[in-house]
Amino acid sequence: MAKASALHILVKTEKEALALKAKIEKGADFYQLAKRHSMCPSKKQGGDLGEFRRGQMVKPFDNAVFAKGSEDKPLIGPVKTRFGYHLIKVLYKSG
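Residues numbered from 1 in each chain as written. Predicted model: local features only at pLDDT ≥ 70, side-chain atom pairs only at ≥ 80, totals over all residues. Heavy atoms only, no water.

## Notes on the packing of aromatic side chains
In this description, a pair of aromatic rings is defined by centroid distance and the angle of the planes. Counting across every chain of the model gives 2 aromatic pairs. Judged by centre distance (6.2 Å) and plane angle (90°), the rings of Phe52 and Phe66 are edge-to-face. Placement of the pair is Phe52 in strand β2 (residues 48–53) and Phe66 in the loop between α3 (59–65) and β3 (76–81), with a sequence separation of 14 residues. Members of the aromatic cluster, joined through ring pairs, are Phe52, Phe61 and Phe66. (Phe/Tyr/Trp six-rings, centres within 6.5 Å; stacked < 30°, edge-to-face > 60°. Helix = DSSP H or I, 4+ residues; strand = E, 2+ residues; numbered from the N terminus.)

This is how it looks when you write it as structure tokens:
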């Protein structure tokens, strides 16, 4: 079974997600931005979702994380789900 580990930042709007993405691409710390801006309880851990299996996350998030080559991208997103907009940093995946 495929599994992965990722960090994410969840915000309400695509505009917020794009602004944070620009900061990260300029060198801002993902962990610190997640702690300050994410709406997800995982923000306490810098957005760390731990390890999860394919199918455990909502479909658009799952598809983004398990897409071919996603582990080679420094940052994925914004990815829209029913919860809002996610910026995702895949730490590793297998399977």
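Next comes the rest of the description.
## Quick word on the packing of helix α1 (residues 14–25) against helix α2 (residues 30–37)
Relative to each other, α1 and α2 sit at 155°, their axes nearing to 10 Å. Between α1 and α2, the crossing angle belongs to the class labelled roughly antiparallel. Relative to α2, the crossing made by α1 is right-handed. Taken together, the residues of α2 that come into contact with α1 (itself represented by Leu20, Lys23 and Ile24) are Phe30, Leu33 and His37. The class makeup of the residues in the contact of α1 with α2 is 4 nonpolar, 1 polar and 1 charged. (Axes fitted to C-alpha atoms, helices over the stretch in contact; angles between N-to-C directions. Parallel < 35°, antiparallel > 145°, perpendicular 65-115°, else oblique. Left-handed = near helix turned anticlockwise from the far one by under 90°. Contact = heavy atoms within 4.5 Å. Nonpolar A, V, L, I, M, F, W, Y, C, P; charged D, E, K, R; others polar.)

## Some details on the UniProt feature "domain: PpiC" (unreviewed entry) in the protein chain
Using the residue numbers shown here, the UniProt feature "domain: PpiC" (unreviewed entry) corresponds to residues 1–92. Summarising residues 1–92: 29% helix, 33% strand, and an end-to-end C-alpha distance of 14 Å. (UniProt positions renumbered as here; feature names shortened; annotations may be inferred.)

## Regarding the sheet that holds β2
Sheet strands pair by backbone hydrogen bonding; their relative direction is either parallel or antiparallel. Strand order in the open sheet made by the 4 strands is β2-β1-β4-β3, with antiparallel pairing throughout. Single-partner strands in this sheet number two, and they are β2 and β3. Taken over all neighbouring pairs, the strand axes of this sheet differ in orientation by 40° on average, direction set aside. Packing against the sheet, α1 makes contact with β1 (3–11), β3 and β4 (84–94), and its axis sits at approximately 45° to β4. (Pairing = 2+ DSSP bridges.)

## With respect to the pairing of β1
Within β1, 8 of the 9 residues are buried, leaving the element largely enclosed by the surrounding structure. Across 4 bridges, the pairing between β1 and β2 is antiparallel. Paired with Ser5 across the strands is Glu51, a residue of β2. Direction of pairing for β1 relative to β4: antiparallel, over a ladder of 9 bridges. Note on β4: the bridge partner recorded for Ala4 is Lys93. (Buried < 20%, exposed > 50% of the residue type's maximum accessible area, 1.4 Å probe, protein only.)

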